[in-house]
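Close look at the chain arrangement
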Amino acid sequence: MKLKFLGTGTSQGVPVIGCTCEVCTSKNSKDSRLRSSVMVTTDESKKILIDCGPDFRQQMLDNKENTVDIALLTHEHNDHVIGLDDMRPLIFKSEKDMPLYCNSRVGSEVKKRFPYAFADEKYPGAPAFELHEIENKPFTVLNTEITPIEVIHFKITVFGYKFKNLAYITDAGFISNIEKEKLKNLDVLILNCIRKFDPHPAHFILSDVIKIFEELQPKKLFLTHISHHFGLHDIEEKELPPGMHLAYDGLEINF
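Conventions adopted
- Residues numbered from 1 in each chain as written.
- Predicted model: local features only at pLDDT ≥ 70, side-chain atom pairs only at ≥ 80, totals over all residues.
- Heavy atoms only, no water.
- Helix = DSSP H or I, 4+ residues; strand = E, 2+ residues; numbered from the N terminus.
- Polar contact = N/O pair within 3.5 Å; in protein donor to acceptor, adjacent residues only side chain to side chain.
- Contact = heavy atoms within 4.5 Å.
- Pairing = 2+ DSSP bridges.
- Axes fitted to C-alpha atoms, helices over the stretch in contact; angles between N-to-C directions.
- Buried < 20%, exposed > 50% of the residue type's maximum accessible area, 1.4 Å probe, protein only.
- Arc of directions from axis to C-beta.
- Disulfide = S-S within 2.5 Å.
- Salt bridge = Lys/Arg side-chain N within 4 Å of Asp/Glu carboxyl O.

What follows covers the side chain of T74. For T74, the position within the fold is in the loop between β4 (70-72) and α2 (78-81). A polar contact of 2.7 Å, which involves the side chain of T74, links it to the side chain of D51. Among all residues touching T74, those that are not within four sequence positions of it are I50, D51, H80, V158, F159, Y161 and T170.

Before going further, it helps to spend a moment on the sheet that holds strand β2 (residues 37-41). If you walk across this open sheet you meet the seven strands as β6-β5-β4-β3-β2-β1-β14, and the pairing is mixed. Every other strand in the sheet has two partners, leaving β6 (129-133) and β14 (252-254) as the edge strands with one partner each. Across the sheet, the mean angle separating the axes of adjacent strands is 25° when strand polarity is ignored. In this structure, strand β3 (residues 47-50) lies alongside β4, joined through three bridges in parallel fashion. Counted as the bridge partner of L49 is A71 from β4.

To continue, consider helix α4 (residues 104-113). Each turn of an α-helix holds 3.6 residues, which means side chains three or four residues apart point in the same direction. All of the buried residues along α4 are V106, G107 and V110. Taken around the axis of α4, the buried residues stretch over an arc of 100°, which confines them to a single face. Elements that come into contact with the buried residues of α4 comprise β5 (98-102) and β6. The N-terminus of α4 is capped by N103, whose side-chain oxygen sits 3.2 Å from the backbone nitrogen of R105.

Read from one edge to the other, the open sheet built from seven strands follows the order β7-β8-β9-β10-β11-β12-β13, with strand pairing classed as mixed. Both edges of this open sheet fall to β7 (139-141) and β13 (244-246), since each of them pairs with a single strand only. The sheet shows a mean angle of 25° between the axes of neighbouring strands, direction not considered. Contacts between helix α6 (residues 206-216) and the sheet are confined to β11 (188-192), β12 (220-224) and β13, with β11 contributing the most and set at about 160° to the helix.

A few words now on the state of the cysteines. Tallied over the full model, the rule gives zero disulfides. C102 forms no disulfide, and the closest cysteine sulfur to it belongs to C52, at a distance of 12 Å. Taking relative accessible area as the criterion, C102 reaches 2% and is therefore assigned buried. C193 takes part in no disulfide bond, and the closest cysteine sulfur, belonging to C21, lies 16 Å away. Given the relative accessible area of 0%, C193 is considered buried.

A few words now on the pattern of salt bridges. For the structure on display, the rule yields 16 salt bridges. Here E76 ties to R105 by a salt bridge, and the two come within 2.9 Å at their closest N and O atoms. With a gap of 29 residues between them, E76 in the loop between β4 and α2 and R105 in helix α4 connect regions that are remote in the sequence. Taken together, the shared-partner salt bridges in this structure form one network comprising K2, K4, K47, E65 and E252.

Any link to function would need more than the numbers given here.
Structure representation (C-alpha cells):
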C-alpha cells in the first residue's frame, strides 16, 4: 500500500494570508503546506481519501490524482470537510454516490453543511454522498481492514485510522492508554504537531509528540498538521530525534 500526503498544514494553511515570517516567505516548496489530507492507495490500487478540506481540488490536480473510491472523515471541522462539494466531477464520472465513512456526529454535520447533496430532489449538478456510519471498531472496505483510533481534539472525539502497520492521526491533543494499544509495534505513525513550543488546547506540540514517540517506539514517525510557527523544514528536520521526520506535501510512503 501507499500513502501520499496531499496536505500537511493547519486550518490556515502555509503561507498564512498576510504573514511575512520566514516560513511564509520561504522559497522552499516543503514550507508551503495545504490543509491536511492524505490519499491511501490499496494493494488493489483503490483510492481512499482521508479528509476533504478547502484545498481538495488543488491537491488532486497537483498530484495528478483522478479518482477517489471512498473518503474517510476524521471530524467535522471545515478544514477537513468543506471541500466535499469539489468531489462533483468524480461523482459525475463514476455515476454513483461518493461513499463517506465517519461517525454519526460527523455525518449529521455533513448533512447540515451540504443539505442539497441529500435532498430527495437534487438540482442538476449537485453532488451526492452515501453516508456510512462507523464506530470505534475495525471495519473492512475495498478488501482493506481499517481500524479507527479515537483521540480527543479539545472537547470532541476525532478518528485516526490504521492500515496494516501504519496509523494516521490528525487534530489530536490526547490519546488514551486504551487507544495507544492500537498504536504499538507500528512501522509508521503519522501524528499532528502544530508547533514546537507553547502548549495548545487542542493539538500536540513537539514535546508531546516526542513523548509519544519514546513511549510507542514506532519505526518511523512523521509530523503533519504543521503551522508556520514550527520553523523552516530543512532546519527543523535536522533537529528532530532519529526516526522522526517532518512530512511535506507530496511525500509518499510505501507500507
